[in-house]
Protein chains: 2
Amino acid sequence: MKPIAESTVRRLSLYLRFLEEFEAQGQLTISSGELAVSRGTTSAQVRKDLSFFGSFGKRGLGYDVRDLIGSIRQILGLHRTWSVVIIGAGKIGAALAQYRGFATRGFHVVGIYDKDPARIGTKLGEITVRSDLEIERDIERLRPQIAVLCVPGEVAQAVVDRVTDAGITAVLNFAPAQVQVPNGVTMRAVNMATELEILAFGLSHPEELAS
Amino acid sequence: MKPIAESTVRRLSLYLRFLEEFEAQGQLTISSGELAVSRGTTSAQVRKDLSFFGSFGKRGLGYDVRDLIGSIRQILGLHRTWSVVIIGAGKIGAALAQYRGFATRGFHVVGIYDKDPARIGTKLGEITVRSDLEIERDIERLRPQIAVLCVPGEVAQAVVDRVTDAGITAVLNFAPAQVQVPNGVTMRAVNMATELEILAFGLSHPEELAS
DNA sequence: CCTTGTGAATCGTTTCACAGCC
DNA sequence: GGCTGTGAAACGATTCACAAGG
């Protein structure tokens, strides 16, 4: 298979969200054009995105909503569950631990860890904060695939090194720091400061930020 | 000025972060190559990104760290402060309200709002949660530029309509919903579910997710 | 000799346009 | 007739490569 652009994967995720809404409304079939307007893109883009993975529609008719949901789920890897550990039980870690959106999409939080003794043992929804010393043992035992980092920027790299050494193969980084991961590990970063700064640029340069 | 790609703005924000680290370490001068390796890009990319805004270096020498920090701050619109309102005082809204990264970069949180009477009046760090009924009045009075949305997906569009009608010109959307903004309003979305799904795709298709 | 700034070349993504099929 | 799937064209971003300046 040829390499797939991140932008394509991101759109597939959005298509999936809309398809689920359409399904909930009882719509059985949908055209690439309908899917496109709901998401602010073009019908050609929708068809091209899907074409990388096969052909899912019927010419003259469109796509079967339920089938396409299944196909995109399969493409994105949502036909199975994934186990997640959250590292850092500060404000953001705690908020994420209780975020319902994880579970409803097949991401199971199997552990949350902190270094601060005051936090260890406290309950966040279903789950109890454990000592950061147990990270390695738990990862080796429970084999989660994904680590969500919610630690201070200064320790982010050290923590990523620990979890990837222990066997984590995907990292979602909320820490305000750029981190390196070894080959074979997928990494994504969500950086609040950067998002705000892009907004500030947009405010400062009306009409000049592309898109 | 020609339109600037979002990817360029995002990199400028990262360069700024590294330049600040270099400055803290007392480094006076830096080459595009040094800036590039710290950020995983190329020296040509660094120079091209900067070239859209002027010429900031000295041939044979590189860039003065302090000057370049000032120039990038100016470019990004960080030479002034921006006022922010947070809509929704649930877990994520509350976490953001207390996020130190806002203030240290010149983003002042001037209000946080919720609909739930149990939350109204509670203190989050410095600031007290106010009724969502005061949103319009406060926006007209305090003239914040940025709204950060931390409300449930179902009400996100209605809330965006309210704040943009009241005069907000930039929105950072953490609600798990696609929203439309009127022309002239900058919008960015951070969608946890999408980020996780991109990771799941990466886990499911090793070697096939571009970069 | 080193490093910037930048046009030109390359690469990747999006859009177009139409043949093929329902 | 309507809509998909897909090569080809257009566009945009990144990389190359070098002239110009310290």
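Source: prediction; values computed, not measured.

1. Description of the protein's contact with DNA strand D
Residues in close proximity to DNA strand D total 24 residues, the closest being A:S32, A:R47, A:G57, A:Y63 and B:R59. Of all atoms in DNA strand D that approach within 4 Å of the protein, 58% are sugar or phosphate atoms. A:G60 places a polar main-chain atom, nitrogen or oxygen, 3.1 Å from a base oxygen of DNA strand D. Here a base nitrogen of DNA strand D sits 3.4 Å away from a polar atom, N or O, in the side chain of B:R47. Looking at which element gives the most residues to the surface near DNA strand D, the answer is helix α3 (residues 43–51) of chain B, with four residues. For the surface near DNA strand D, the per-class residue count stands at five nonpolar, 11 polar and eight charged.

2. Some details on the protein's contact with DNA strand C
Residues in contact with DNA strand C amount to 23 residues; listed here are only the nearest, B:S32, B:R47, B:G57, B:G60 and B:Y63. Between DNA strand C and A:R47 there is a distance of 3.3 Å, counted from a base nitrogen to a side-chain nitrogen or oxygen. Taking B:G57, its main chain carries an N or O atom lying 2.9 Å from a phosphate oxygen of DNA strand C. It is helix α3 (residues 43–51) of chain A that provides the largest number of residues to the surface near DNA strand C, a total of four residues. Across the surface near DNA strand C, the residue classes tally to five nonpolar, 10 polar and eight charged.

3. Focus: helix α8 (residues 153–166) of chain B
All names here are of chain B. Here α8 is 14 residues long and its end C-alpha atoms lie 20 Å apart, about the 20 Å a rise of 1.5 Å per residue gives. Of the surrounding secondary structure, the elements contacted by the buried residues of α8 are β3 (82–87), α7 (135–142), β7 (146–149) and β8 (170–173). A positive backbone phi angle near 120° is found at G167, which sits one or two residues after α8.

4. Focus: the pairing of strand β9 (residues 186–189) of chain A
All names here are of chain A. By the alternation rule, side chains of β9 split into T186 and R188, which are all buried, and M187 and A189, of which none is buried. Bridge count for strand β8 (residues 170–173) against β9 is four bridges, and the pairing is parallel. Pairing of N173 across the sheet is with A189, part of β9.

5. Considering the domain arrangement of chain A
Annotation of chain A at the domain level lists domain 1 (6–76) and domain 2 (82–194). Computed from C-alpha coordinates alone, the two centres of domain 1 of chain A and domain 2 of chain A are separated by 31 Å.

Cut-offs applied
- Residues numbered from 1 in each chain as written.
- Chains lettered and ligands numbered in written order.
- Predicted model: local features only at pLDDT ≥ 70, side-chain atom pairs only at ≥ 80, totals over all residues.
- Heavy atoms only, no water.
- Near = heavy atom within 4 Å.
- Polar contact = N/O pair within 3.5 Å; in protein donor to acceptor, adjacent residues only side chain to side chain.
- Helix = DSSP H or I, 4+ residues; strand = E, 2+ residues; numbered from the N terminus.
- Nonpolar A, V, L, I, M, F, W, Y, C, P; charged D, E, K, R; others polar.
- Expected span 1.5 Å × (residues − 1).
- Contact = heavy atoms within 4.5 Å.
- Buried < 20%, exposed > 50% of the residue type's maximum accessible area, 1.4 Å probe, protein only.
- Pairing = 2+ DSSP bridges.
- Domains from an automatic or database assignment.

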